Amino acid sequence: MKYTASLVKLNIDERITARRKAALDRGIPVADDETLQFLLVTLEAVKPVRILEIGTAVGLSSVAMLYACENARLTTIELEEDRYLEAKQNFADFGVSERVNAHLGDAGEILAMMDGEFDFVFLDGPKAQYEKYLFDLKRLMKKGAVLFADDVLLYGWVSGEEPTPQKRHSIVDKIRSYLETVTADKDFITSVLNVGDGVALSVYKGDKQ
Ligand SMILES: C[S@@+](CC[C@H](N)C(=O)[O-])C[C@H]1O[C@@H](n2cnc3c(N)ncnc32)[C@H](O)[C@@H]1O
C-alpha cells in the first residue's frame, strides 16, 4: 500500500509543469510527480556538477534537474529521434542548451564510448538494459556518486506484490537481476524505495584504479 503520492507537492517552474502535462497527454513517458520530487530532493542533497541521464524523452526532467542544480552540466542519451529533437527544442526554450550534451542513439553503445566523471546518474532508459549498463556506469562514476534508477518495482510486479502479466516476465526478471547485482556489488551501497514506480538509490563507494 502506498500513501505518499497524494502528499507530494511538486514545486517546479510552471512552464515545465505545463510542458510535462502536454507531453503526458501525448503519451510521452515523463517521470511522475512523486519520482521527480524525490529526484530533486536527492539532487539538492548531492549538489552534483556533472549529471548523466539515460533516457531523455523530451528533456523535461533534464530541464528540471538543471534548474535545480545551477552549476551542473548534463549529458543525456535518447534513442528516438523525434524525442531527441523535441528535447533539444526544450533545452533551447528553457535556456539551458549550453549546459547540455545531448546524444541521439543507443545508450549501451554511447556509454561504452564515453568517458568522464559523473557525480549523479539518472538511469531512466530501457529497464531491461539496466544491469548491462552497470559496467560502464561504474567506470563513469566518481567515488561518492549517486545512481538513481527509476521504475525498479514496475507496478509491484518486481517485488511480487502484484502478479506479473504473462508477457512481462522477461522484463521483471531483468529488473530483479539488476537489483540483485547492484545490491551484491560491494562498490555500491543501495536502497530500494517505494517512491513512484520504485527507485533504487545506489552510492558508488569504489576506488578507481
Ligand atoms: C521513461 S522515458 C525517460 C523519461 C525522462 N527521463 C523524463 O523523466 O522525462 C525512457 C526513454 O528512454 C528511451 N530509450 C529506450 N531505449 C533506449 C536506448 N536503448 N537508448 C537510449 N534511450 C532509450 C525511450 O525512447 C524513452 O524516451
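Residues numbered from 1 in each chain as written. Predicted model: local features only at pLDDT ≥ 70, side-chain atom pairs only at ≥ 80, totals over all residues. Heavy atoms only, no water.

## As for the sheet that holds strand β4 (residues 118-123)
So, point 1. Pairing is mixed across the open sheet formed by seven strands, whose spatial order is β3-β2-β1-β4-β5-β7-β6. Of all strands in the sheet, those with a lone pairing partner are β3 (100-104) and β6 (188-193), marking the two edges. Adjacent strand axes in the sheet meet at a mean angle of 15° when their direction is disregarded.
So, point 2. The pairing of strand β2 (residues 73-78) with β3 spans five bridges and is classified as parallel. Among the inter-strand pairings, T75 is bridged to a residue of β3, identified as N101.
So, point 3. Lying over the sheet, helix α2 (residues 33-46) contacts β1 (50-54), β4, β5 (141-150), β6 and β7 (199-204), oriented at roughly 170° with respect to β5.
So, point 4. Its contacts with the sheet place helix α7 (residues 169-184) against β4, β5, β6 and β7, and it is angled at close to 140° to β6. (Pairing = 2+ DSSP bridges. Helix = DSSP H or I, 4+ residues; strand = E, 2+ residues; numbered from the N terminus. Axes fitted to C-alpha atoms, helices over the stretch in contact; angles between N-to-C directions. Contact = heavy atoms within 4.5 Å.)

## Considerations on helix α1 (residues 14-25)
So, point 1. The end-to-end C-alpha distance of α1 is 16 Å, a good match for the 16 Å that 12 residues give at a rise of 1.5 Å each.
So, point 2. Listing the buried residues of α1 in full gives I16, R20 and A23. With its buried residues spanning 65° around the axis, α1 presents them on a single face. Turned more than 90 degrees from where α1 packs its buried face, E14, K21 and D25 sit exposed.
So, point 3. Check the buried side of α1 and you find it contacts α2 and α3 (60-68).
So, point 4. Two residues or fewer after α1 comes G27, characterised by a positive phi angle close to 85°. (Expected span 1.5 Å × (residues − 1). Buried < 20%, exposed > 50% of the residue type's maximum accessible area, 1.4 Å probe, protein only. Arc of directions from axis to C-beta.)

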